[in-house]
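What follows is the residue order along each chain.
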Amino acid sequence: MRNFHPLDQVTSDPDSGILLYTSSVDAPFKPQVAMKREGSYIAFSVSHGPMEMALRPRVDELQRVLGRVSPVPGLQTTRQVGTSDAYIALGLNPDGTLLMRPTLVADATGHFCFNLIMSDEMRASLFEWLGVTREND
C-alpha cells in the first residue's frame, strides 16, 4: 500500500541555514524536505507540488530517536518523533536507507502522510548535519 519516494539529492545553504533534500526522479511534482534549526526545534517542511506539511520536532528528541533507530524485520517504521497528532515515523532498512513518514492524524478515521526514503548517503548527511551519534556504533 505504501509507495516510498526517494530523496537522493541534498543541498545546504549556509546563509539561511536550510538543508534541502530533493529527488532526481523525473516526476511532475517532486517531493522535497527542507530543514532549519530554530533554537531547540527543527523547522521541518515536506512538500509535494503545491501541498506542504510543516512540523517542528525538538532537536534533542530527533537526535535521540535517529541515534536509536535500527532495522527490525517486518516493520517499516519503528520509532516516531512528535506527538500522537503530528509526528515523523522513522525506520531503517538493513542497507542503511532511512524511511521517513511525516504524518498528521485527523482522528481514528484517518491520517495524511508522505512516504519518503533516503539513501544511506543522504541519511549520513542528515545525521552529520544534526550531530546524531549512533548508539550501537
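Everything below is about the structure shown above.
As the structure is a computational prediction, the values presented were derived from the model and not from experiment.

Participant: Which parts of the structure should I look at to understand helix α1 (residues 59-68)?
Facilitator: The complete set of buried residues in α1 reads V59, E61, L62, V65, L66 and G67. Check the buried side of α1 and you find it contacts β4 (31-38), β5 (41-48), β7 (79-82), β8 (86-92), β9 (98-107) and α2 (120-130).

Participant: Whenever I open this one, the sheet that holds β4 confuses me. Can you help?
Facilitator: What holds strands together in a sheet is hydrogen bonding between their backbones, with the strands either parallel or antiparallel. The strand order across the open sheet built from five strands is β2-β3-β4-β5-β6, with neighbouring strands paired in antiparallel fashion. At either margin of the open sheet sits one strand with a lone partner, and together these are β2 (9-13) and β6 (51-55). Across the sheet, the axes of successive neighbouring strands diverge by a mean angle of 15°, strand direction being ignored. Pairing of β5 with β6 involves five bridges; the strand directions are antiparallel. When the bridges of β6 are listed, S45 appears paired with A54.

Participant: What should I look at first to understand a nonpolar patch on the surface in this one?
Facilitator: Where nonpolar side chains cluster on the molecular surface, the patch consists of M51, L104 and F112 and spans about 250 Å² of accessible area. Within the secondary structure layout, L104 lies in strand β9. Residue class for L104 comes out partly exposed when judged on its relative accessible area of 36%.

Parameters at a glance
Residues numbered from 1 in each chain as written. Predicted model: local features only at pLDDT ≥ 70, side-chain atom pairs only at ≥ 80, totals over all residues. Heavy atoms only, no water. Buried < 20%, exposed > 50% of the residue type's maximum accessible area, 1.4 Å probe, protein only. Helix = DSSP H or I, 4+ residues; strand = E, 2+ residues; numbered from the N terminus. Contact = heavy atoms within 4.5 Å. Pairing = 2+ DSSP bridges. Axes fitted to C-alpha atoms, helices over the stretch in contact; angles between N-to-C directions. Patch = residues over 30% accessible without salt bridge, like charges linked within 9 Å, V, L, I, M, F, W, Y side chains within 5 Å. Areas by Shrake-Rupley, 256 points an atom, 1.4 Å probe, with all protein chains shown as cover. Salt bridge = Lys/Arg side-chain N within 4 Å of Asp/Glu carboxyl O.

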